[in-house]
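Single-letter residue listing:
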Amino acid sequence: MRILHLSSLYPPEQVGGAELMVETLARTQAGLGHDVAVVCAARAQGEPVLQDGVTVYRTGHGTPFHILDWPERGRLDRLRYKLAAQWNRPTLDRMAAAVRDFEPDLVNTHSISELPPALWPMLRQLGLPIVHTLHDFTSLCTNGAMVRDGRPCDGQHLKCRLYGGIHRRCQRAVTALAAVGSDILERHLDAGFFTDVPPALRRVIWNPIPPGLPPARRPRVPGAPVRFGYLGRIEAAKGFDTLLEACRSLPRAGWSFSVAGRAVDGLDRYRARAEGLPATFLGYAERDAFLDGIDCLVVPPIWPEPFGRTVAEAYGRGVPVIGTASGGIGEQVGPGPWLVPPGDAPALAAAMARIVAEPARLAEGLARAARIRAGTDPVVVAAAYLDLYAATRDAARPELPLELSARAERPHLSECRP
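For the protein chain, the name recorded in an unreviewed UniProt entry is Glycosyltransferase involved in cell wall biosynthesis, with Methylobacterium fujisawaense as its organism.

Asks: How should the overall build of the protein chain be read in this particular structure?
Replies: For the protein chain, the helix and strand inventory stands at 16 helices and 16 strands. By the compact-globule yardstick of 22 Å for 418 residues, the protein chain fits well, its C-alpha radius of gyration being 22 Å. With the C-alpha coordinates of the protein chain rotated into their principal frame, the extents come out at 70 × 45 × 40 Å. Counting every position in the protein chain, which comprises 418 residues, the buried fraction comes to 52%.

Asks: I tried to follow the pattern of salt bridges on my own but got confused; where do I start?
Replies: When the charged atoms of two side chains lie near each other, side chains of opposite charge can form a pair. Overall, the coordinates contain 24 salt bridges when judged by the stated rule. Across the pair Asp 69 and Arg 43 runs a salt bridge, and its minimum N-O distance is 3.0 Å. Of this pair, Asp 69 sits in the loop between strand 4 (54-58) and helix 2 (75-86) while Arg 43 sits in the loop between strand 2 (35-40) and strand 3 (49-51), placing them 26 residues apart in sequence. Residue classification places Asp 69 among the partly exposed residues on the basis of a relative accessible area of 22%. Overall, Arg 43 belongs to the partly exposed group, its relative accessible area being 41%. Residues joined in a network through salt bridges with shared partners are Arg 287, Asp 288, Asp 292, Arg 309, Glu 313 and Arg 317.

Asks: What should I look at first to understand the pairing of strand 11 (residues 226-231) in this one?
Replies: Side-chain direction in a regular strand flips from residue to residue, so the side chains alternate between the two faces of the sheet. Of all six residues making up strand 11, five are buried, and the element is well covered by its neighbours. As paired strands, strand 11 and strand 12 (residues 255-260) are joined by six bridges and run parallel to one another. Within strand 12, the position partnered with Leu 231 by the bridge is Ala 260. Following the backbone out of strand 11, through helix 8 (residues 240-247) and into the adjacent parallel strand 12, one traces a crossover that is right-handed. When strand 11 meets strand 14 (residues 296-299), the two strands line up parallel, connected through two bridges. When the sheet's bridge partners are listed, Gly 229 is paired in strand 14 with Leu 297.

Asks: What should I look at first to understand the sheet that holds strand 12 in this one?
Replies: Backbone-to-backbone hydrogen bonds join strands into a sheet, with any given pair of strands oriented parallel or antiparallel. Spatially, six strands are ordered 13-12-11-14-15-16 in an open sheet, and the strand pairing comes out parallel. The outermost strands of the open sheet, each flanked by one partner alone, are strand 13 (279-283) and strand 16 (339-340). Sheet strands touched by helix 8: strand 11, strand 12, strand 13 and strand 14. Its angle to strand 12, the strand with the most contacts, is close to 165 degrees. Along the sheet, helix 13 (residues 345-357) contacts strand 11, strand 12, strand 14, strand 15 (321-324) and strand 16; its crossing angle with strand 11, the most-contacted strand, is approximately 140 degrees.

Asks: What's the story with the nonpolar core in this structure? I'm lost.
Replies: In summary, soluble globular proteins display a tendency toward joint burial of nonpolar side chains. Residues Phe 228, Phe 240, Phe 257 and Leu 297 are the most contacted members of the largest nonpolar core, which totals 122 residues. Each residue touching Phe 257, except ones within four places of it in the same chain, is listed here: Phe 228, Tyr 230, Phe 240, Leu 243, Leu 244, Cys 247, Pro 278, Ala 279 and Thr 280. Counting five residues, the second largest nonpolar core, distinct from the first, contains Phe 65, Ile 67, Tyr 81 and Ala 85.

Asks: Can you walk me through the environment of Val 38 in this structure?
Replies: As for its position among the elements, Val 38 is in strand 2. Assessed through its relative accessible area of 0%, Val 38 is described here as buried. With 69 residues separating them along the chain, Val 38 and Val 107 place their C-alpha atoms 9.5 Å apart. Residues within four places of Val 38 in sequence aside, it is in contact with His 5, Tyr 10, Val 22, Ala 26, Val 54, Thr 55, Val 56 and Tyr 57.

Asks: In this structure, what is going on with helix 15 (residues 378-395)? I would like to understand it.
Replies: Side chains of residues three or four places apart in an α-helix project in the same direction, reflecting 3.6 residues per turn. Spanning 18 residues, helix 15 covers 26 Å between terminal C-alpha atoms, matching the ideal 26 Å at 1.5 Å per step. Along helix 15, the residues that are buried comprise Pro 378, Val 381, Ala 382, Tyr 385, Leu 386, Leu 388, Tyr 389 and Thr 392. Buried residues of helix 15 fall within an arc of 165 degrees about the axis and therefore sit on the same side. The N-terminus of helix 15 is capped by Asp 377, whose side-chain oxygen sits 3.0 Å from the backbone nitrogen of Val 379.

Asks: Hey, could you run me through the pairing of strand 9 (residues 176-179) in this one?
Replies: What you see with strand 9 is no split at all: Ala 176 and Ala 178 on one side and Leu 177 and Ala 179 on the other are buried throughout. Both strand 6 (residues 130-134) and strand 9 contribute to a ladder of four bridges, which runs parallel. By the bridge assignment for strand 9, Leu 134 is matched with Ala 179. Here strand 9 pairs with strand 10 (residues 202-204) via three bridges, running parallel. When the bridges of strand 10 are listed, Ala 178 appears paired with Arg 203.

Here is what the cut-offs are and how they apply
- Residues numbered from 1 in each chain as written.
- Predicted model: local features only at pLDDT ≥ 70, side-chain atom pairs only at ≥ 80, totals over all residues.
- Heavy atoms only, no water.
- Helix = DSSP H or I, 4+ residues; strand = E, 2+ residues; numbered from the N terminus.
- Rg over C-alpha atoms; globule rule 2.2 N^0.38 Å.
- Buried < 20%, exposed > 50% of the residue type's maximum accessible area, 1.4 Å probe, protein only.
- Salt bridge = Lys/Arg side-chain N within 4 Å of Asp/Glu carboxyl O.
- Pairing = 2+ DSSP bridges.
- Right-handed = clockwise from strand over helix to strand, strands pointing away.
- Contact = heavy atoms within 4.5 Å.
- Axes fitted to C-alpha atoms, helices over the stretch in contact; angles between N-to-C directions.
- Core = buried A, V, L, I, M, F, W, Y, C linked by side-chain atoms within 4.5 Å.
- Expected span 1.5 Å × (residues − 1).
- Arc of directions from axis to C-beta.
- Polar contact = N/O pair within 3.5 Å; in protein donor to acceptor, adjacent residues only side chain to side chain.

Listed below in structure tokens is the structure:
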């Protein structure tokens, strides 16, 4: 099968787990003997290149600046970027040209946070079945996270409903739907998105997690302090403020706390807030080595994180997880004492104190680890997508031939309407 993945970004340019997921999926499918390509926005446009068995088309970005420069830009520039990304003609045209060049049997779109939603009707006009993977809340929320001022949103604000209008029209071109978790799928369906996709073509498929080197964990020394860890971006939406508050309620001895990650505004203010706690801020740390050096990972976001990659990565290294009961994290960890309500510092402190008091309970936190490892095995995930692709092609009606008519070369907003 000739498979084309379409993504906002692709490694080495990336902002989060979605890009890593696309890379792992594409490489695995290529390794299984399929012809695979990726089309993505990039800092610079270039000729297609072969990268780890995958043909990669980089189309430039067509926006006022590249998304990786977002932290250095002011509010007005960011607004201009958001507006430009909604109807980005240069990128849309270059992506159409890449589709013509590769001639895929099917297109799998991924995070389109930096791309115009009109790419969906453009692909449909080319007669291509479209599988869309839900990685984030781009179609429902201006920041893609369903969080505002450090707090989760109960629904769509007016600004987000207006912003999502074009997405609501254009998403009707999607043939099939994959979601990285049940929660993100249900939230979109409840908001009226992708309801035209038949239930048989809506599937939950977890992200693929490549296995690292064999764990190099040392057995715990009886009586040694419990080593808690935090891995990821350091910000309020990720629950780091809640975690610091919880740590203030823990016993004075019997535990330590390592933090691996960066903060957009620097670590100084977080170090100041952690003054007096047995906490170490490492900055960037190699993932596997960090996980091998802790006893328990704490994953406390207050937003409904769709998948929670660090949870699966921790289980893969034999590390139990205390997480918040929302989104994909709750789905992976499962009900019980290892889950706490998002933003609830006393509940998080109680869950951590339970482990400090009885470290032998750490083994209980790995009850679901084997299941998560099996569900995130790259070959298993690739097979699940290939099965969905086959069902999608069987269900798709005949469309236009793979050639661009004058109308298909330049789709208009009106083509996103019923």
